[in-house]
Amino acid sequence: MSYQCEFCSKFFMSKSSLNSHKLKAKYCLEIQKNIGAISEIKGSELCIHCSKEFLRKDQRQTHELSCNQIEINEYRKTIQTRDDTIAQLMNELKISNDKLDLISKDLKISNDKLCNTLTDLKVANNNVEIYKKISDEKDTLIVKLSTEKSVVNNTNCNNTSSSSSSSNRQNNIIMGHLDLSSEKIKLAVESYSLEHYNRASAGLADWCIDNLLTDNDNNLQYICSDKNRRCFQFKTESGDIVSDPNADKLKSAIKPMLSDRLRIHKKINFSKIGDESDDEDSTKSDLCIQIHNENKTMGVEFEKELVKKTYSKK
Ligand SMILES: [Zn+2]
Ligand SMILES: [Zn+2]
């Protein structure tokens, strides 16, 4: 079998020798150029993508088809680069997310601590409320007990008028109403002695008890209802139980009535110092002033003396 060249009609024994002929035989290449199968004899066919040289047009066209693949590969590379960028961004996003998670955890811990503190505060606040309530209840109970005691003892007094005054004293009973009228006090002032005066608060309290705060049967009509706050109670003519914090009502009743008597006793004390003239004069006069001031002020010391004499644990 033989192979004929389609351009120059020459015969060949094999297909490979024919192909070699078509690429190399100058006269055949001339014919190929003349009929338009190739544009130039050598180096005339260039790939539009990579400018590679081809002898024949069909060879160049075949190559260009595969050369498109190169372009596709470029796109693939670009896509790959973008994929890489996206992956990197995703990674950064993950790091940011992790940081956010940490911050969120810290916030939760802080929040839990705040909640605990708030709970502690609520508990403390509740305790304060409870203590307050207990304290209020205690105060109410004290007043109620004092009132009940006085009512009970009033009844006892009516039934058994022969009960001894000393036992009544011990129970701190308000037997009848307390008379703080100026007539009563005026009369009592007559009994306020120099001895009372010189014993200052103690003497003043004794004088009050003996001449104002007890009835004819020596029953106490003025009692201490709260030892710590030095609060007292008595019954008015209309039968109401009246509270007297710091004995203010008693003090303001006796203060103006007693002031002349205090001045008189003060004069007596100073005149006594004048009789004996020695080095202790200044100390004695200091003491005189001190005694006078304590009597005049009727302060906390006086209240404490009253508490001692009018308070009963029962
Ligand atoms: Zn040929
Ligand atoms: Zn190419």
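This section reports on the structure supplied with the text. Bear in mind the structure is a predicted one, so any value in this text is a computation, not a measurement.

1. A closer look at the overall build of the protein
Phase 1: A count of helices and strands for the protein gives ten helices and seven strands.
Phase 2: In the protein, buried positions account for 16% of the 314 residues.
Phase 3: Across the protein, every contact between residues at least 6 apart in sequence was considered, and the portion connecting residues at least 24 apart equals 48%.

2. Considering the packing of helix H7 (residues 200-211) against helix H9 (residues 281-297)
Phase 1: One can describe the packing of H7 onto H9 by two numbers: an axis separation of 8 Å at closest approach and a directional angle of 40°. Between H7 and H9, the angle is such that the two are oblique. Relative to H9, the crossing made by H7 is right-handed. Across from Ala200, Ser201 and Leu204 in H7, the residues of H9 making contact are Ile291, Glu294 and Asn295.
Phase 2: Of the residues assigned to the contact of H7 with H9, the class counts are three nonpolar, two polar and one charged.

3. Focus on the nonpolar core
Phase 1: Core analysis: the largest hydrophobic core is formed by 22 residues, its most contacted members being Leu204, Cys208, Leu213, Tyr222, Phe232 and Leu306.
Phase 2: Those elements that provide at least two residues to this core are H7, strand E5 (222-226), strand E6 (231-235), helix H8 (248-275) and helix H10 (300-310).
Phase 3: The greatest single-element share of this core, amounting to four residues, is contributed by H7.
Phase 4: Not counting residues up to four positions away in its chain, the partners in contact with Leu306 are Ala205, Cys224, Phe232 and Ala247.

4. Re the packing of H7 against H10
To characterise two packed helices, one gives the angle between the axes of the helices and the distance between these axes.
Phase 1: It is the contact of H7 with H10, at a shortest axis distance of 8 Å, that shows an interaxial angle of 50°. Comparing the axis directions of H7 and H10 gives the class oblique. Judged by the sense of rotation from one axis to the other, the crossing of H7 with H10 is right-handed. From H7, Ser201, Ala202, Leu204, Ala205 and Ile209 reach across to H10, where they touch Glu301, Phe302, Glu305, Leu306 and Lys309.

5. Notes on the pairing of E6
Phase 1: Within E6, five of the five residues are buried, which leaves it mostly tucked inside the rest of the structure.
Phase 2: Here E6 shows two buried faces, one formed by Cys231, Gln233 and Lys235 and the other by Phe232 and Phe234.
Phase 3: The pairing of E5 with E6 spans four bridges and is antiparallel. Note that in E6 the partner of Ile223 across the bridge is Gln233.
Phase 4: The sheet contact formed by E6 and strand E7 (residues 241-245) spans five bridges and is antiparallel. Residue pairing for E7: Gln233 is matched across the bridge by Ser243.

What counts and what doesn't
Residues numbered from 1 in each chain as written. Chains lettered and ligands numbered in written order. Predicted model: local features only at pLDDT ≥ 70, side-chain atom pairs only at ≥ 80, totals over all residues. Helix = DSSP H or I, 4+ residues; strand = E, 2+ residues; numbered from the N terminus. Buried ≥ 20, exposed ≤ 12 C-beta atoms within 10 Å, placed from the backbone. Contact = placed C-beta atoms within 7 Å. Axes fitted to C-alpha atoms, helices over the stretch in contact; angles between N-to-C directions. Parallel < 35°, antiparallel > 145°, perpendicular 65-115°, else oblique. Left-handed = near helix turned anticlockwise from the far one by under 90°. Nonpolar A, V, L, I, M, F, W, Y, C, P; charged D, E, K, R; others polar. Core = buried A, V, L, I, M, F, W, Y, C linked by C-beta atoms within 7 Å. Pairing = 2+ DSSP bridges.

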